[in-house]
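Geometric and topological summary
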Amino acid sequence: MAKYECELTGSFVNFLSRVEQGILSGSISATLEDASNYHIDDVRCAVRVFERYSWIGKNRVSLSLTLLGKGDQLFLSAITAGGSQAMFMKINTWGEEAFLDKLVEIVKAFQRVR
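Residues numbered from 1 in each chain as written. Predicted model: local features only at pLDDT ≥ 70, side-chain atom pairs only at ≥ 80, totals over all residues. Heavy atoms only, no water.

1. Structural notes on the overall build of the chain
When you go through the chain residue by residue, the secondary structure sums to two helices and five strands. Out of the 114 residues belonging to the chain, those deemed buried represent 38%. Nonlocal contacts in the chain, meaning residues at least 24 apart in sequence, comprise 55% of its contacts between residues at least 6 apart. Surface accessibility of the chain: about 6900 Å² in total, with carbon and sulfur atoms responsible for 55%. (Helix = DSSP H or I, 4+ residues; strand = E, 2+ residues; numbered from the N terminus. Buried < 20%, exposed > 50% of the residue type's maximum accessible area, 1.4 Å probe, protein only. Contact = heavy atoms within 4.5 Å. Areas by Shrake-Rupley, 256 points an atom, 1.4 Å probe, with all protein chains shown as cover.)

2. A short note on the environment of Phe50
Within the secondary structure layout, Phe50 lies in strand β3 (residues 43–54). Looking at Phe50, the relative accessible area reads 0%, which means it is buried. Along the backbone, Phe50 and Leu65 are 15 residues apart, and their C-alpha atoms lie at a distance of 8.2 Å. Aside from chain neighbours lying at most four places away, what touches Phe50 is Glu20, Ile23, Leu24, Thr31, Leu32, Glu33, Val61, Ser62, Leu63 and Phe99.

3. Observations concerning the pattern of salt bridges
In total, this model carries three salt bridges according to the counting rule given. Notably, a salt bridge pairs Glu20 with Arg48, separated by 2.5 Å at the nearest N-O pair. Separated by 28 residues along the polypeptide, Glu20 in helix α1 (residues 12–25) and Arg48 in strand β3 bring together distant segments of the chain. One salt bridge connects Arg60 with Glu51, and the closest N-O pair in it is separated by 2.8 Å. (Salt bridge = Lys/Arg side-chain N within 4 Å of Asp/Glu carboxyl O.)

4. Structural notes on the environment of Ser27
Mapped onto the elements of the fold, Ser27 is located in the loop between α1 and β2 (31–40). Under the relative-accessibility criterion, Ser27 is labelled buried at 13%.

5. As for the packing of aromatic side chains
By the definition in use, this model includes one aromatic pair. Geometry around Phe99 places Arg52 over its ring, the cationic atom sitting 5.0 Å from the centre. (Phe/Tyr/Trp six-rings, centres within 6.5 Å; stacked < 30°, edge-to-face > 60°. Lys NZ or Arg CZ within 6 Å of the ring centre and 35° of its normal.)

Dropping the structure here:
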């Protein structure tokens, strides 16, 4: 399991759209498994669960993403899961790390544009 969290400044809708497009176009096998959106007054929350096949690990991995926003203040939490072929411990996390690296690349590109 790998985790990435950060605070950002920008448009909630714009950032979420970039993440969705970037993850789905980043791998031929990437899919959006499910999505949830919620808001209370001016606080917004989006949850996304992506999945893809890891060619290196020969298995499927998931990326769960939660985006919280109030105005232009954003908080992102992303956690990967899956990817191991062992029964009692994780012996390879290449697929999880690569999936998370793609998200970090999208975040950094968003920050540069701002």
